[in-house]
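# Residue-level structure breakdown
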Amino acid sequence: MTTVSIIMPVYNDADRLDKSITTVINQTLKDIELICVNDGSSDDSLKILNEFAEQYDFIKVLSQENQGSGKARNYGIGEASGEYIGFLDADDIFIENNALEKLYETAIENDANMVSGNIKLVDQKGKFSPFLPLDYYEDYNVILPEQYGIPWSFYKNIFKREFIVSNDISFPDLLRGQDPVFLAEILSKVDEIHTVPIDYYAYYYVDGANQCNTRKKRFHHMMHYKMVFDNFSDSRFDNLKHEFRYEMLDFIDLMGVDGGKDILDATREVFKDEPEIVRNFEENFYFKHEKHPEMQKLVNFRSNPEKPRISVLIPVYNASDFLNDSISGLLNQTFEDYELVCVNDGSKDNSLEILNDFAAKDNRVKVFDKPNGGCGSARNRALNEAKGDYIYFFDPDDEISKDALKETYKSAIYNDSDMVIFKANVIINDKISNERVYFNFDKTLKNRNFERSTFDYHDVMGLVFNGDLAPWSKLYKKKLLDSYDDFRFNEGVAFDDVPFHVKSMIRAKRMSFVNKCLYHYRLDNENSVNNTSSNGFDIFKIFDILEEFIKAEGVYDEFEYEFNRFIVPHTLFYIISTNSEEYYSMAREKFSKIDEKFVPKNNPKFNLVMEIEDYQEFRIQYLELLHNEDKNKLLKEINSLKKKNKKLKKENKKLKKEKNKYKKLNDELLNSRSWKITEPLRKLKRN
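Each chain has its residues counted from 1, running along the sequence as written. Only residues with pLDDT of 70 or above have their local features reported here, since the model is predicted, and side-chain atom pairs are shown and tallied only from 80 upward, although totals for entire chains, interfaces and linings are computed over all residues. Side-chain metrics rest on all non-hydrogen atoms present in the structure, leaving aside hydrogens and water.

## Considerations on a negative patch on the surface
What counts is decided by this rule: Patch definition: residues with relative accessible area over 30% and no salt bridge; like charges joined within 9 Å; nonpolar side chains (Val, Leu, Ile, Met, Phe, Trp, Tyr) joined within 5 Å. Here the accessible surface of atoms and residues is derived via Shrake-Rupley with a 1.4 Å probe, and residues count as covered only by protein chains that are part of the display. Salt bridges are counted wherever a side-chain nitrogen of Lys or Arg sits within 4 Å of a carboxyl oxygen of Asp or Glu. In this tally Asp and Glu are treated as negative and Lys and Arg as positive; neither His nor the chain ends contributes. Positions of charges follow a simple convention, taking NZ of Lys, CZ of Arg, CG of Asp or CD of Glu. Counting from the N terminus, the helices are DSSP H or I runs at least four residues long and the strands are E runs at least two residues long. Using a 1.4 Å probe on the protein chains alone, a residue whose accessible area is under 20% of its type maximum counts as buried, one over 50% counts as exposed, and one in between counts as partly exposed.
A cluster of like negative charges, contributed by Glu-581, Glu-613, Asp-614 and Glu-617, occupies part of the molecular surface. Tracing the backbone through its elements, the reader meets Glu-581 in helix H21 (residues 581–592). Residue Glu-581 is classed as partly exposed on the basis of its relative accessible area of 43%.

## Thoughts on the environment of Ser-42
With respect to the element layout, Ser-42 can be found in the loop between strand S2 (33–39) and helix H2 (45–55). Here Ser-42 falls in the exposed class, since its relative accessible area comes to 65%. The sequence separation of Ser-42 and Ala-14 amounts to 28 residues, and the corresponding C-alpha distance is 9.8 Å.

## Looking at the packing of helix H10 (residues 275–288) against helix H15 (residues 404–415)
Packed helices, taken two at a time, are described by the angle between their axes plus the distance between the axes. Note the cut-off: Lines fitted to C-alpha atoms define the axes here, with helix axes fitted over just the stretch in contact, and angles between the N-to-C directions of these axes take values from 0 to 180 degrees. Angles below 35 degrees are treated as roughly parallel, those above 145 as roughly antiparallel, those between 65 and 115 as roughly perpendicular, and all remaining angles as oblique. Each crossing gets its hand from how the near helix is turned against the far one by less than a right angle, where anticlockwise is left-handed and clockwise is right-handed. Contacts were defined at the residue level, with two residues in contact if any of their heavy atoms lie within 4.5 Å. Note on residue categories: nonpolar means Ala, Val, Leu, Ile, Met, Phe, Trp, Tyr, Cys or Pro, charged means Asp, Glu, Lys or Arg, and polar means any other residue, Gly included.
Between H10 and H15, the least distance of the axes is 9 Å, while the angle of their chain directions is 135 degrees. Relative to H15, the element H10 lies oblique. Once H10 is placed against H15, the crossing between them reads as left-handed. Here Arg-279, Asn-280, Glu-283, Asn-284, Phe-287 and Lys-288 of H10 come into contact with H15, specifically with Lys-406, Tyr-409, Lys-410, Ile-413 and Tyr-414. Looking at the contact of H10 with H15, its residues break down into four nonpolar, two polar and five charged.

## Regarding the pairing of strand S14 (residues 390–393)
Our working definition: Two strands pair under a simple rule: DSSP has to find at least two bridges between them.
Residue alternation in S14 divides its side chains into two sets, Tyr-390 and Tyr-392 and Ile-391 and Phe-393, and both sets are buried. Note: strand S11 (residues 310–316) against S14, four bridges, orientation parallel. The partner of Val-312 across the bridge, within S14, is Tyr-392.

## Examining the packing of helix H19 (residues 538–552) against helix H20 (residues 556–573)
Where H19 meets H20, the axes come as close as 11 Å, and the angle between the chain directions of the two elements is 175 degrees. In terms of axis orientation, H19 runs roughly antiparallel to H20. Judged by residue contacts, Ile-539, Phe-540, Phe-543, Leu-546, Glu-547, Ile-550 and Lys-551 of H19 engage Tyr-556, Phe-559, Phe-563, Phe-566, Ile-567, His-570 and Thr-571 from H20. Among the residues forming the contact of H19 with H20, the class breakdown is ten nonpolar, two polar and two charged.

## Examining unusual backbone geometry
At Asp-430, a residue that is not glycine, the phi angle is positive and equals roughly 65 degrees. At Asn-579, a residue that is not glycine, the phi angle is positive and equals roughly 50 degrees. With respect to the helices, strands and loops of the structure, Asn-579 is situated in the loop between H20 and H21.

## Here's the deal with the side chain of Asn-231
For the record, the criterion: Definition of a polar contact: a pair of N or O atoms within 3.5 Å, with one able to donate and the other able to accept a hydrogen when the atoms are protein atoms, and with sequence-neighbouring residues admitted only if both atoms are side-chain atoms.
By secondary structure assignment, the location of Asn-231 is in helix H7 (residues 215–231). Here Met-227 takes part through its backbone oxygen, which lies 3.0 Å from a polar atom of the side chain of Asn-231. Among all residues touching Asn-231, those that are not within four sequence positions of it are Val-181, Ala-184, Glu-185 and Ser-188.

## A short note on the pattern of salt bridges
Pairs may arise between side chains of opposite charge once their charged atoms sit close together. Within this structure, the stated rule accounts for 52 salt bridges. One salt bridge in this structure joins Lys-226 and Glu-274, with 3.0 Å as the shortest N-O distance. A residue pair is termed long-range when its members are at least 10 positions apart, and Lys-226 in helix H7 and Glu-274 in the loop between helix H9 (260–270) and H10 qualify at 48 residues. Here Glu-274 falls in the partly exposed class, since its relative accessible area comes to 27%. For Arg-309, the salt bridge identified is with Asp-337, shortest N-O distance 2.6 Å.

## Here we look at the packing of aromatic side chains
Note the following rule: Side-chain rings of Phe, Tyr and Trp, where Trp is taken by its six-membered ring, are said to pair if the distance between their centres is within 6.5 Å; with planes under 30 degrees apart they count as stacked, over 60 as edge-to-face, and otherwise as tilted. Two thresholds decide whether a charge sits over a ring: the Lys NZ or Arg CZ must be within 6 Å of the ring centre and within 35 degrees of the ring normal.
Using the criterion set out here, one finds 64 aromatic pairs in the structure. Taken together, a centroid distance of 5.0 Å and an interplanar angle of 15 degrees make the contact between Phe-94 and Tyr-200 stacked. With Phe-94 in strand S5 (residues 93–94) and Tyr-200 in strand S10 (residues 193–204), this pair connects stretches of sequence that are 106 residues apart. Neither residue differs from the other here; Phe-94 and Tyr-200 are each classed as buried. Every member of this aromatic cluster is reached through a ring pair, and the members are Phe-87, Phe-94, Phe-154, Tyr-155, Phe-159, Phe-171, Phe-182, Tyr-200, Tyr-201 and Tyr-203. Sitting over the face of the ring of Phe-171, Arg-73 holds its NZ or CZ atom 5.2 Å from the ring centroid. For Arg-507, the ring lying beneath its charged end belongs to Tyr-484, and the centroid distance is 3.8 Å.

## Describing H10
A turn of α-helix holds 3.6 residues, and therefore any two residues three or four places apart point the same way. For clarity, the cut-off: Take the residue count of a helix, subtract one, and multiply by 1.5 Å to get its expected span.
Given a rise of 1.5 Å per residue, 14 residues ought to cover 20 Å, and the 20 Å separating the end C-alpha atoms of H10 matches this to within 8%. Taken together, the buried positions of H10 are Val-278, Asn-280, Phe-281, Glu-282, Glu-283, Asn-284, Phe-285 and Phe-287. Turning to H10, the residues buried within the fold contact H7, helix H8 (238–255), H9, helix H11 (293–296) and H15.

## Some details on the environment of Gly-329
If you trace the backbone, Gly-329 turns up in helix H12 (residues 320–331). You can call Gly-329 partly exposed: its relative accessible area is 25%. In this structure, the C-alpha to C-alpha distance between Gly-329 and Asn-666, residues 337 residues apart in sequence, is 60 Å.

## Focus on the pairing of strand S18 (residues 474–477)
Here S18 shows two buried faces, one formed by Lys-474 and Tyr-476 and the other by Leu-475 and Lys-477. Alignment of S14 against S18, held across three bridges, turns out to be antiparallel. The partner of Ile-391 across the bridge, within S18, is Tyr-476. Relative to S18, strand S16 (residues 419–428) runs antiparallel, the two sharing three bridges. Paired with Ile-421 across the bridge in S18 is Lys-474.

## A few points about the state of the cysteines
Cut-off, in case you're wondering: Here, a disulfide means two cysteine sulfur atoms that sit within 2.5 Å of each other.
Applying the stated criterion across every chain, the model contains zero disulfides. Sulfur of Cys-375: no disulfide; nearest cysteine sulfur belongs to Cys-342 and is 13 Å away.

## Brief notes about helix H22 (residues 604–611)
Short version of the rule: Directions from the helix axis toward the C-beta atoms define the arc.
For H22, the full list of buried residues reads Phe-606, Leu-608 and Val-609. One side of H22 holds all its buried residues, which, seen down the axis, span an arc of 160 degrees.

## A short note on the side chain of Thr-195
Position of Thr-195 among the secondary structure elements: in strand S10. Assessed through its relative accessible area of 2%, Thr-195 is described here as buried. There is a polar contact of 3.2 Å between the side chain of Thr-195 and the backbone oxygen of Asp-139. If near-sequence neighbours (up to four positions away) are discounted, Thr-195 is found in contact with Ser-116, Tyr-137, Asp-139, Tyr-140, Asn-141 and Ile-143.

Remember, this is a structural readout, not a statement about activity or role.
And the structure:
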């Protein structure tokens, strides 16, 4: 009985055949067969194969006219008799001599349809290196097919022959990209994969960029992306499909200017029934070729006033002091395909007049007027009027970098993001400062390539409730907002942006991050509605809205700790400024329902609320506590300055010693006999 059939397509591989076949001969697993399919080689490959076949009975040689490795492998599958099938390219090698045996043992023991080992790269000098895109197995384990990773390196696996035959799985008739399609079809149909912690396969790496050198090959390469996507239509493969999509977009770079038109034409033909994919590819193509205007002309990236790419939504209330600067800054963006949807929320100053002046000069500015209803109602009106594919909220008293819309849009289309988040810094006394920076997602998502990665709320749990909450540091896909009936700002309540933030963070399947400060928040503006103590009572309404939402979404258990950690500081924030017995009573009631495990034991402010029933007594002790905290903070700062001063004195003393040392050396030099003798020569040189 044949245990494993190894299928090897051969085309002009005479230089490496001997080494490759020898690693099969050296395998400890017996009763195997090596099926070599000569694919019309014009060198000595067939001669070498026949010589091996004469010497070893388990080596079989088949021949066909040159039709490509995919058809050669299909031929080999049809002739195979083994329980399992493995593959080996004629320029690659098996690494460990017992690798095939270990994979087969695991396959038989578990009646597995697919068993996977480790793969490495090998160069011309025989040096091994990791194959980084794929996981390295360190244990015997079982993984789901969606956990395999990008469908590369089918070689590092063996497959039950009956599974392949019964599912009619074969390599497609493509000049490029047959391998990922074959493996993707297997992954879409296999239930599980058994992993073996052994170095099985070494892939002889050759840069494949120049191999996709004809229009037909480029077309076939784009076709293989579509075939993989089709195999990964099940939602469980969404992440894997997304990763492979990056590979498709990277193909733009690989082909450069010379092959750019070919892959653009191929994309339009291959994905003609999927216009969203075509548009996404075209836009990425456009940005990739920013240095080549002649290539950009191949894509229609013109603005469409009826359907802009971005809608910038601006709620305006008594903002006349800032409007001219902020709107002018928006209209000078390096990205042009957007509209400004300005909603005047019953301003009592000349804000509406300023907006209308801008609208008269630039058709991208749309102005809507309504009675005063609050920031939330103004944003909701703007959302109803917005026509863009993406939504951006802007506050008119702040400023924005000229590249903000371009940077965020590029991130959105490259990463296919539901939401793009970026950093913001502050404006103090009309100057941009990094004294405070908001949305520091890079501190949570460490060692990430933010240009090419996405995340969801599981990756940033601590930032959903307890990070920065404003909407002006995010670009939203409108399709995400429109897919829910409740994706609007709560009206008639302060802090209306908090539930909107939490909803978007939890519902966005893919978020990306631009690690730049693109927004400048005016920190010294005290006119914000949320800055007034009279709105403190509304924080309890926000708590109720959020609790109801996370329970309805089925994520309350996931966020119970973070939600309670959100409640405590936000309740304490207004406890003095409201100066209200009623507020204090509501705070005590809210705190009484919080499990102690969600509150740090060393939180003196929380403990003070729970210990003291009378508000006035609490107020006295609370203010004293704040005074002591400020005093301790000041003492720490003083001690820190003392330490710095002591360190500087020490350094100063050291520098003085060095100064005296060099002064002494200098005096000795000036008084030396050699210096005096050479004085006439120095005078001549100066003259």
